[in-house]
Number of protein chains: 2
Amino acid sequence: MKNNVTMRDIADQLGVSSVTVSKALNDKEGVSEELKLKIKNLAEELGYRYNAAAKSMKEGLSYNIGVVIPERFTGINQSFYLNVYQSITRILEKQGYYGILHILSSEDERNLVLPRIYYERKVDGFIVLGQTSKEYIEKIQGIEFPKVFLDFYDEHADIDSVITDNFYGSYEITNYLIQTGHRDIAYVGNLHSTSSIQDRFLGYYKSLLEHRIILKQEHILNDRDEKGTYIDIDLPDQLPTAFVCNCDQVAHNLVLKLKSRGINVPEDCSVVGFDNDIYATITDPTLTTVEVDVEEMAQNAVKFVIEKVKNSEKSFGRVLVKSNIVYRESVKPPKNKVK
Amino acid sequence: MKNNVTMRDIADQLGVSSVTVSKALNDKEGVSEELKLKIKNLAEELGYRYNAAAKSMKEGLSYNIGVVIPERFTGINQSFYLNVYQSITRILEKQGYYGILHILSSEDERNLVLPRIYYERKVDGFIVLGQTSKEYIEKIQGIEFPKVFLDFYDEHADIDSVITDNFYGSYEITNYLIQTGHRDIAYVGNLHSTSSIQDRFLGYYKSLLEHRIILKQEHILNDRDEKGTYIDIDLPDQLPTAFVCNCDQVAHNLVLKLKSRGINVPEDCSVVGFDNDIYATITDPTLTTVEVDVEEMAQNAVKFVIEKVKNSEKSFGRVLVKSNIVYRESVKPPKNKVK
DNA sequence: CTGAAAGCGCTTACAG
DNA sequence: CTGAAAGCGCTTACAG
């Protein structure tokens, strides 16, 4: 490593102490303006680069935050969380922090092994992005370390999590379907897979209840197995007039399936999604869906971890981020209602 | 910060020196097996966590690699590079390195400001993922710092880059179209946008040349403006029987456009893409395309930066990664050829 | 306004 | 096999 200019070098060349250089470069008081300028100029000239590692040593802080994403939420078809990660990174950087991505392998998740970045003090805290197994959540909860769960939560009230308002989002989009004239509405999603899917189901159910529509068991359609792998959706014999899907990707799959059976969307039946991710606009017809406010979620998560790094006593509980409906082409009144 | 157990603490409790603890924990020789075990056990018990910052200080190395992606290649519709980043991260981690993502804002790119991770020595090298402006390439080239360009290159032969074999990939998929019976083949892409698009065009052109097919200017269709924003594709009056698109996303857009004109793919005309990303399988019909070997590219890039970190003299030049054709549904013989 | 001293937690090179 | 010393580059707290 050459070009290894240190504060000391600058100090020596100027005949001052490194303390003074440190103060000047950090714009702290205790150095005359004149000297400060001289120091800054020389630093520039010499190509001085600050050594963050020294600061880390001194403060015991890495100024890195680990973003942990379970493997199954990554990959070519699961770009949603990577996009959230990207937002997190950008927000982190504004605050002088950096995000280190850790893909949690299914193996590590099963064996309850924590990310190496934890054991090496490479990060000051975690943002866990995407639901892990119950056991793993507990494992992470068990360590005394700043952490925020993003986009999921679990029964323990004492964990800090930032989530979309799944319940009301789903409630409202179901209301919208009902207002459009639908009463035969199915829900697509595995109720025991993640907290999000479950809450979205309950929002849908609330809407039915309020409108005195009876929930039929055969209107709850499973979309994935316990591992989260998508399975073929079993359509009921009596086709509902509308489907509330737990996410856009599943809505996309459903539309394909319906089409293959010669059923047109939205003419023959309506479909709505959730997330407003790439699948919402890529599907033909484009999907009416619930938009998740990724930026707001990332912002909260970042704010919370950083505050917890600074003060480990802080706690935030479950924080909901508002969502809103994006209207596109996949909804029409049911056929028999059209005059 | 509590739970701040150091090697020193372990040493004190055991009545040995911290040097011995360091050796034991790092499995170096010079400590009796018995003592080593005792030290390791105590470390475990005390919840000791290694302090990577101290090592960084000592060695002047952060063990982080910065992955720089220009802003315009990110976002909800551009998941390809984020996926590459994810591969990079995983490979990096196996070697004890960590990836720090830096989204290069268009503003910073224009003003030629380098990522802050550079000025703070937060990283030991860069992987630049995605083509930046010529000026920015030169700016980065100008600093004495390990760097590898991934998925693009420029005229300067002395830069290390890992790229897909765009030329031959495109050449071969065009050959395939010709073998299928097509002779009226258009290319879709802005020839002056990136090195990849240009090389893919040239591969297509080589195939035409070899088959004595004359390249018509009206068969080169622009797909984006100088900023990389997609524009509406202008179809020629005389529709070709096949289209070679510079990437899957553009192929996807083209298929939608053709469909909206009542032209069926692949019955009325064939379309091929490049990348084999999410758009390849999401398009209806699924796209025959050239698969980019993301894993292999990431592997090379990581290997090269790390070697350059260790020995700044190393250089690798342009390294091509083989691609191969994935056959799906978007190609059929041209109509008039079908008996 | 300026600086000497001490320390953050580890490792290397050397001595015993 | 074990350890005292020095040092990585910075900052904090204190003294002048």
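Look up: the structure comes first, before these words.
Structural notes, computed from the coordinates. This structure is a prediction, so every number in the text was calculated from the model and none was measured.

Next up on the list: the pairing of strand E8 (residues 242-245) of chain A. Residues and elements named next belong to chain A. Of the two faces of E8, both are covered, the one formed by Ala242 and Val244 as well as the one formed by Phe243 and Cys245. Note that strand E6 (residues 185-188) and E8 share 4 bridges and pair parallel. For Val188, the partnering residue across the bridge sits in E8 and is Cys245. As paired elements, E8 and strand E9 (residues 270-272) share 3 bridges and run parallel to each other. Across the sheet, the residue bridging to Phe243 is Val271, located in E9. One crossover worth recording links E8 to the parallel E9 by way of helix H11 (residues 248-260), and it is right-handed.

A word on empty space enclosed by the protein. Where empty space is left in the structure can be found by rolling a water-sized probe over the atoms. By the definition in use, this model includes 4 cavities of 30 Å³ or more. Computed from the structure, the largest cavity encloses a volume of approximately 160 Å³. Residues that form the lining of the largest cavity fall into these classes: 4 nonpolar, 6 polar and 4 charged. Each pocket or cavity is described by its volume, and for the second largest cavity that value is around 120 Å³. Lining the second largest cavity are 13 residues, with Lys259, Ile282 and Asp284 of chain A together with Ile282 and Asp284 of chain B positioned closest to its centre. Among the elements of the structure, H11 of chain A together with helix H11 (248-260) of chain B are those that each provide at least two residues to the lining of the second largest cavity. By residue class, the composition of the lining of the second largest cavity is 5 nonpolar, 4 polar and 4 charged.

Residues and elements named next belong to chain B. The strand order across the open sheet formed by 4 strands is E7-E6-E8-E9, and the pairing between neighbours is parallel. Looking at the sheet topology across the chains shown, the edges are occupied by strand E7 (220-221) and strand E9 (270-272). In the packing of helix H9 (residues 166-179) onto the sheet, contacts are made with strand E6 (185-188), strand E8 (242-245) and E9, and the angle to E8 comes to roughly 170°.

This next bit is on the protein's contact with DNA strand C. Surrounding DNA strand C, one finds 24 residues, the nearest of these being Thr20 and Gly30 of chain A together with Met7, Ser22 and Tyr48 of chain B. Of what DNA strand C places within 4 Å of the protein, 64% of the atoms are sugar or phosphate. Contact distances for DNA strand C include 3.4 Å between a base nitrogen and a backbone N or O atom of Ala54 of chain B. Among the elements of the structure, helix H2 (18-25) and helix H4 (52-59) of chain A together with helix H2 (18-25) and helix H4 (52-59) of chain B are those that each provide at least two residues to the surface near DNA strand C. Here the surface near DNA strand C takes 3 residues from H2 of chain A, the largest share from any one element.

Our focus in this paragraph is a negative patch on the surface. All names here are of chain B. Together, Glu291, Asp293, Glu295 and Glu296 make up a region of like negative charge exposed at the surface. Among the structural elements, Asp293 can be located in the loop between strand E10 (289-291) and helix H13 (294-310). In this structure Asp293 comes out as partly exposed when scored by relative accessible area, which is 32%.

Let us look at the protein's contact with DNA strand D. Looking at DNA strand D, there are 24 residues lining it, with Met7, Ser22 and Tyr48 of chain A together with Gly30 and Lys58 of chain B nearest. What you see for DNA strand D is that sugar and phosphate hold 62% of its atoms within 4 Å of the protein. At 3.0 Å, a side-chain N or O of Tyr50 of chain A approaches a phosphate oxygen of DNA strand D. A distance of 2.9 Å separates a phosphate oxygen of DNA strand D from a polar atom in the backbone of Ser32 of chain B. Counting residues per element, the surface near DNA strand D draws most heavily on H2 of chain B, at 3 residues. Partitioned by chemical class, the residues of the surface near DNA strand D number 10 nonpolar, 10 polar and 4 charged.

With that out of the way, let us pick up the packing of aromatic side chains. The full count for this structure, using the stated rule, is 33 aromatic pairs over all chains. Judged by centre distance (4.0 Å) and plane angle (10°), the ring pair of Phe304 of chain A and Phe316 of chain A falls under stacked. Of this pair, Phe304 of chain A sits in helix H13 (residues 294-310) while Phe316 of chain A sits in the loop between H13 and strand E11 (318-321), and the two are 12 residues apart along the sequence. Phe304 of chain A sits in the buried class, given a relative accessible area of 5%. The interplanar angle of 70° and the centroid separation of 5.0 Å between the aromatic rings of Tyr118 of chain B and Tyr119 of chain B together place this pair among those described as edge-to-face. Residue classification places Tyr118 of chain B among the buried positions, given a relative accessible area of 7%. Grouped by ring-pair contacts, the aromatic residues Tyr118, Tyr119, Phe126 and Phe145 of chain A constitute a single cluster. For the cation-ring pair, Lys55 of chain A lies above Tyr63 of chain A, with the distance from its terminal atom to the ring centre recorded as 4.3 Å.

Residue and element names in this part refer to chain A. Residues Ile185 and Tyr187 of E6 are buried on one face, and the alternating residues Ala186 and Val188, pointing to the opposite face, are buried as well. Note: E6 against strand E7 (residues 220-221), 2 bridges, orientation parallel. By the bridge assignment for E7, Tyr187 is matched with Ile220. Once the chain exits E6 it traverses helix H10 (residues 195-210) before rejoining the sheet at E7, and the crossover so formed is right-handed.

Parameters at a glance
Residues numbered from 1 in each chain as written. Chains lettered and ligands numbered in written order. Predicted model: local features only at pLDDT ≥ 70, side-chain atom pairs only at ≥ 80, totals over all residues. Heavy atoms only, no water. Buried < 20%, exposed > 50% of the residue type's maximum accessible area, 1.4 Å probe, protein only. Helix = DSSP H or I, 4+ residues; strand = E, 2+ residues; numbered from the N terminus. Pairing = 2+ DSSP bridges. Right-handed = clockwise from strand over helix to strand, strands pointing away. 1 Å grid on protein atoms, 1.4 Å probe; cavity = no way out; pocket = protein on both sides within 12 Å on 5 of 7 lines; lining within 4 Å. Points joined across faces, edges and corners; volume = space filled by probe spheres on them. Nonpolar A, V, L, I, M, F, W, Y, C, P; charged D, E, K, R; others polar. Contact = heavy atoms within 4.5 Å. Axes fitted to C-alpha atoms, helices over the stretch in contact; angles between N-to-C directions. Near = heavy atom within 4 Å. Polar contact = N/O pair within 3.5 Å; in protein donor to acceptor, adjacent residues only side chain to side chain. Patch = residues over 30% accessible without salt bridge, like charges linked within 9 Å, V, L, I, M, F, W, Y side chains within 5 Å. Areas by Shrake-Rupley, 256 points an atom, 1.4 Å probe, with all protein chains shown as cover. Salt bridge = Lys/Arg side-chain N within 4 Å of Asp/Glu carboxyl O. Lys, Arg positive; Asp, Glu negative; His and termini not counted. Charge placed at Lys NZ, Arg CZ, Asp CG, Glu CD. Phe/Tyr/Trp six-rings, centres within 6.5 Å; stacked < 30°, edge-to-face > 60°. Lys NZ or Arg CZ within 6 Å of the ring centre and 35° of its normal.

These results come straight from atomic positions and should not be treated as a statement about function.
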